[in-house]
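Chains, contacts and geometry: an overview
Each chain is listed here by its residues.
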Amino acid sequence: MIRVIGLGDNVVDKYINTKIMYPGGNALNFAVYANILDIEASYMGIFGDDEAAKHVYQTSRSLGIKLDHCRFYKGENGYSKVKLEKGDRVFVGSNKGGVSAKYPLALGEVDFSYISEFDLVHTSCFSFIEKELVNLRQCSKFISMDFSNRYTNEYLKECCKYIDCASISCSEMKDEEIIALMKDIISYGCKHIVIATRGARGALILVDGKLYEQSPCLIDAVDTMGAGDSFITAFLTGYINDMKGTVDFSVESGDKGITKVEEYKDIVIRANLYKAAIFSSKICSRNGAFGFGKSYKE
């Protein structure tokens with residue numbers, strides 16, 4: 001079984017209509033969802049010293065997420081403000097990362113040694129990690145980065161040359177535009193996978209040049225917070241776990257003599273995309289990214 005780590009952002013999502021805050025953040029969500037899927041998961045990031053930070057930290061510990069290399073600073077933990085509209089979460093504000101923006105992760109040799117133990121490192125555009133990507137590339141087996149819908153071509157070019165998987169949110173784009181962007185991301189240096197989530201239209205996935213489409217498992221969502229994060233987590237962890245020992249990700253695809261591996265890989269991809277759609281729908285049946293709401297005061 002693989003081991004994974006979420007590297008970067010954690011927040012509380014403050015629901016302004018109910019005055020309840022829920023733990024979240026792309027990198028932390030990844031670790032929590034992997035843990036739900038019975039995969040050993042760690043998280044490394046920055047915590048503040050307010051009630052929000054305490055709630056996220058204590059919740060993560062109670063779930064069994066390993067937090068050994070996290071940092072703590074005086075100040076406000078990251079938060080976003082959210083409202084629900086017929087089950088769909090809508091972001092209406094934030095504190096721009098709080099202490100994570102003020103004190104971004106600066107990784108040292110001990111951290112790099114620790115990170116090298118994991119099969120999959122996941123980070124995001126909200127993690128203030130860009131300056132460390134070149135070093136992460138040297139110590140990581142597989143790097144995934146979620147760009148959400150916060151990207152420009154220049155930013156993608158800056159980051160993609162260091163990563164194995166890029167995820168983008170494209171619910172407002174036409175499919176032909178999405179596919180063109182996915183191909184651009186590969187041309188910018190992303191080595192293996194591009195995941196494009198399209199909300200209620202499901203996802204497009206490009207794996208080593210082959211395009212797949214996954215329909216959503218449609219439900220009456222309680223809260224769509226975490227829908228994309230959970231899909232990405234379930235697919236990537238399942239795919240890499242099933243392929244472990246079969247494919248050397250450091251070798252470019254297309255080598256001779258791997259026809260049977262490619263056939264097996266195709267089956268693995270399709271099976272894990274289906275599992276990811278089901279898992280994502282289950283996440284949408286609860287409040288917040290993964291529950292554990294707590295009242296807050298302004």
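Please refer to the structure higher up on the page.
Residues numbered from 1 in each chain as written. Predicted model: local features only at pLDDT ≥ 70, side-chain atom pairs only at ≥ 80, totals over all residues. Heavy atoms only, no water.

Quick notes on the nonpolar core
- Formed by 53 residues in total, the largest nonpolar core has its most connected members in Tyr43, Ile193, Ile195, Ile205, Phe235, Leu236 and Tyr239.
- Considering each element in turn, this core owes the most residues, 8 residues, to helix α8 (residues 227-243).
- Among all residues touching Phe235, those that are not within four sequence positions of it are Ile193, Ile195, Ile205, Val207, Ile269, Asn272, Leu273 and Ala276.
- Of all hydrophobic cores here, the second largest spans 39 residues; its members include Ile5, Val99, Leu107 and Ala196. (Core = buried A, V, L, I, M, F, W, Y, C linked by side-chain atoms within 4.5 Å. Buried < 20%, exposed > 50% of the residue type's maximum accessible area, 1.4 Å probe, protein only. Helix = DSSP H or I, 4+ residues; strand = E, 2+ residues; numbered from the N terminus. Contact = heavy atoms within 4.5 Å.)

Some points on the sheet that holds strand β7 (residues 88-94)
- With mixed pairing, 5 strands are arranged side by side in an open sheet as β7-β6-β2-β3-β14. Either end of the sheet is taken by a strand with one partner, and the two such strands are β7 and β14 (294-295). (Pairing = 2+ DSSP bridges.)

Brief notes about the environment of Ile129
- Within the fold, Ile129 resides in the loop between β8 (120-124) and α5 (133-139).
- On the basis of relative accessible area, Ile129 is assigned to the buried category, the value being 0%.
- Along the backbone, Ile129 and Leu7 are 122 residues apart, and their C-alpha atoms lie at a distance of 8.5 Å.
- Those residues in contact with Ile129 that sit more than four places away from it in its chain are Leu7, Leu105, Thr123, Ser124 and Leu136.

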